[in-house]
Amino acid sequence: MAVVRATSKDIDLLARLMRAEAEGEGELGMLMVGNVGVNRVRTACLDFKDIRNLQQMVYQRPGGFEATTKSYFYQRARDSDLKLAQRVVNGERFHPATRSLWFFDPGESTPCPAQWYGQWNTGRFKAHCFFSPTEEECPEI
């Protein structure tokens, strides 16, 4: 059962985003990026009050994803990418991205900061640090 509405075109878009943002971090890293994207659609808080679907989430400006400015994002999604995107749309969640709305790569030798734009660090997976709002700020995630 999907936790956000998604057409096959939406699944393709999310799959391309997940690959472009985290392919180097393997399937689990891609799934975590998908969690962040789905969480942004599910919530109506903070920077995401007007984000109601996957297309709005992927192309949000400001605050969207850098990968959408790179040519790799526009390449066709592979079957394996589509399956990963469908998993997160269906509600699978992966720590530390379970409730995260943000992630970034601070650099190999740089530790994750405790907070980023006022949001708490929930952990790191390979290169990416993940940040989540409190339950009081965004209860619906």
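Use the structure listed above.
A brief structural summary. (Residues numbered from 1 in each chain as written. Predicted model: local features only at pLDDT ≥ 70, side-chain atom pairs only at ≥ 80, totals over all residues. Heavy atoms only, no water.)

### Some details on the packing of aromatic side chains
We count it as follows: Working definition: a ring pair exists when centres of Phe, Tyr or Trp rings (six-membered ring for Trp) sit within 6.5 Å. Plane angles under 30 degrees give stacked, over 60 give edge-to-face, the rest tilted. Numbering goes from the N terminus for both helices and strands, where a helix is a DSSP run of H or I of at least four residues and a strand is a run of E of at least two. Whether a charge lies above a ring is judged from NZ of Lys or CZ of Arg, which has to be within 6 Å of the ring centre and within 35 degrees of the ring normal.
By the definition in use, this model includes 9 aromatic pairs. Measuring from centroid to centroid gives 5.9 Å for Phe 103 and Phe 130, while their planes differ by 40°, and the two rings are tilted. In this pair, Phe 103 is assigned in strand β1 (residues 102–104) and Phe 130 in strand β4 (residues 128–132), connecting sequence segments 27 residues apart. Over the face of the ring belonging to Phe 73 we find Arg 16, whose NZ or CZ atom lies 4.7 Å from the ring centre. Note that Arg 19 overlies the ring of Tyr 72, its terminal NZ or CZ placed 4.6 Å from the centroid.

### Here's the deal with the pairing of β4
We count it as follows: Summary of the burial criterion: residues with accessible area below 20% of their type's maximum are buried, those above 50% are exposed, and those between are partly exposed, where the area comes from a 1.4 Å probe applied to protein chains only. Note on pairing: two strands pair once DSSP finds at least 2 bridges between them.
Burial analysis of β4 places 5 of its 5 residues in the buried class, which makes it a mostly covered element. Taking every second residue as pointing to the same face, both faces of β4 are buried, with His 128, Phe 130 and Ser 132 on one and Cys 129 and Phe 131 on the other. Inspection of the sheet shows β1 paired to β4 by 3 bridges, in the antiparallel sense. Its bridge partner being in β4, Phe 103 is matched across the sheet by Phe 130. Alignment of strand β3 (residues 119–125) against β4, held across 5 bridges, turns out to be antiparallel. In the sheet register, Asn 121 faces β4, and the bridge partner there is Phe 131. Hairpin connection from β3 to β4: 2 residues lie between these consecutive antiparallel strands, with Lys 126 at a positive phi of about 50°.

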